[in-house]
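Coordinate inspection notes
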Amino acid sequence: SEAELHLLRARLRGGMLNKARKGELAMRLPVGFAYDPQEKVILNPDRQVQTSIRLLFDTFRRVGSAHKVVREFRTQQLQFPMRVHTGPAKGDIVWKPLTASRAAETLRNPRYAGAYVFGRRAQRKKHMDRHVSPVYLPRDQWHTLIPNAHEGYITWDHYENHLKQLQANSRSGPGT
């Protein structure tokens, strides 16, 4: 019956949230990370992937803008790793030109600072539209944030500084 289905869904959701609260809920990891055989998050064993991600962060600290990072990568004809999420190659790493949105997404992702996060996004449905789109929530509305949960590419302080710089860039107008 409908009531039983509702109860089952609520129990499943409760179990998932409980695992997330403890940092034990396995999720799709951003490129640059992998799970080891014990299901612990580790840096991707591929040194080329690690080097590319570190270069993105180092370049951002040097130039101060996601768009300028992209320009630097293009000038040097560098590709950036991306994980395939669907199809027969699901889970594989492919190399593509870096885009500003990919650079900003990487810079804003707290996983790169070694934090376990859950509930950064919510699904919002527009009033008259059936289309559902993800919305990033403010940090105080995240379900779970566990700093230093695993090894990261940057420190938490660097992550915080990146967010401040990106925010300052967005206030100063296009082209930053």
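Below: a short report on this structure. (Residues numbered from 1 in each chain as written. Predicted model: local features only at pLDDT ≥ 70, side-chain atom pairs only at ≥ 80, totals over all residues. Heavy atoms only, no water.)

1. A closer look at the overall build of the protein
Inclusion rule: For the purposes of this entry, the term helix denotes a DSSP run of H or I that reaches at least four residues, the term strand denotes a run of E that reaches at least two, and both are numbered from the N terminus. Between buried and exposed lies partly exposed: a residue is buried under 20% and exposed over 50% of the maximum accessible area for its type, with that area taken using a 1.4 Å probe on protein chains only. We call two residues in contact when some of their heavy atoms are within 4.5 Å. Residue exposure ignores everything except the shown protein chains as possible cover, and the areas themselves are Shrake-Rupley values with a 1.4 Å probe. Positive charges are assigned to Lys and Arg, negative charges to Asp and Glu, while His and the chain termini are left out of the count. Throughout, a charge is located at the NZ atom of Lys, the CZ atom of Arg, the CG atom of Asp or the CD atom of Glu.
Per the secondary structure count, the protein includes five helices and eight strands. Counting helices and strands in the order they occur from the N terminus, the protein gives α-β-β-α-α-β-β-α-β-β-β-β-α. Considered along the principal axes of its C-alpha atoms, the protein spans approximately 60 × 45 × 35 Å. Taken across its 176 residues, the protein has 32% of its residues classed as buried. For the protein, contacts bridging at least 24 residues in sequence account for 58% of all contacts bridging at least 6. When the accessible surface of the protein is totalled, it reaches about 11,500 Å², and 52% of it is carbon and sulfur. Considering the protein, the positive charge centre built from 30 side chains and the negative charge centre built from 15 side chains are found 5 Å apart.

2. As for the nonpolar core
Test applied: Residues belong to one nonpolar core when they are buried, are Ala, Val, Leu, Ile, Met, Phe, Trp, Tyr or Cys, and are joined through side-chain atoms within 4.5 Å.
Residues Ile53, Leu56, Phe57 and Leu98 are the most contacted members of the largest nonpolar core, which totals 30 residues. Tallying contributions element by element places helix α2 (residues 47-63) first for this core, with five residues. Excluding residues within four positions of it along the chain, Leu56 makes contact with Val69, Phe73, Phe80, Leu98, Ala103, Thr106 and Leu107.

3. Some points on the side chain of Arg83
Stated precisely, the cut-off is as follows: One side-chain nitrogen of Lys or Arg within 4 Å of one carboxyl oxygen of Asp or Glu is enough to make a salt bridge. Counting of polar contacts relies on pairs of N or O atoms within 3.5 Å, with two restrictions inside protein: one atom must be capable of donating a hydrogen and the other of accepting it, and residues adjacent in sequence are counted only when both atoms are side-chain atoms.
Examined against the element boundaries, Arg83 turns out to sit in strand β3 (residues 79-83). Within the buried core, Arg83 has no salt-bridge partner, and the shortest N-O distance to an opposite charge, that of Asp92, equals 8.2 Å. Among the polar contacts listed, one links the side chain of Arg83 to the backbone oxygen of Leu29, at a separation of 2.6 Å. In contact with Arg83, other than residues within four places in its own chain, are Leu29, Pro30, Val31, Gly32, Phe33, Asn44, Gly91, Asp92 and Ile93.

4. A few points about the side chain of Ser52
In this structure, Ser52 sits in helix α2. Its relative accessible area of 7% is what places Ser52 among the buried residues. The contact partners of Ser52, leaving out residues within four places of it in the chain, are Phe73, Gln79, Phe80, Pro81 and Trp95.

5. Some points on helix α3 (residues 66-75)
Rules: The arc refers to the directions leading from the helix axis to the C-beta atoms.
Restricting attention to buried positions, one finds in α3 the residues Ala66, Val69, Val70 and Phe73. Buried residues of α3, viewed axially, fall in a sector of 100°; they line one side. At the N-terminal boundary of α3, the capping side chain belongs to Ser65, with an oxygen 3.2 Å from the backbone nitrogen of His67. Immediately downstream of α3, the backbone of Gln77 shows phi near 55°, a positive value.

6. Some points on the packing of aromatic side chains
Each aromatic ring pair is summarised here by two numbers: the centre-to-centre distance and the angle between the ring planes. Put simply, the rule is: Only the six-membered ring of Trp is used, alongside the rings of Phe and Tyr, when aromatic pairs are assigned; centres must lie within 6.5 Å, and planes under 30 degrees apart are stacked while those over 60 apart are edge-to-face, with the rest tilted.
Going through the model one piece at a time under the given rule, you end up with six aromatic pairs. Measuring from ring centre to ring centre gives 5.4 Å for Phe33 and Tyr112, while their planes differ by 45°; the resulting arrangement is tilted. Within this pair, whereas Phe33 is found in strand β1 (residues 33-35), its partner Tyr112 is found in the loop between α4 (100-108) and β5 (116-118), the two being separated by 79 residues in sequence. Among the residues examined, Phe33 registers a relative accessible area of 1% and is labelled buried. On the basis of relative accessibility, which here comes to 2%, the residue Tyr112 falls in the buried class. Ring centres of Tyr112 and Tyr153 lie 6.0 Å apart, and the angle between their planes is 50°; on these two criteria the pair is classed as tilted. Of the two residues, Tyr112 is situated in the loop between α4 and β5 and Tyr153 in the loop between β8 (144-146) and α5 (156-171); the sequence distance between them amounts to 41 residues. In this structure, Tyr112 and Tyr153 share a single accessibility class: buried. Members of the aromatic cluster, connected to one another through ring pairs, are Phe33, Phe57, Tyr112 and Tyr153.

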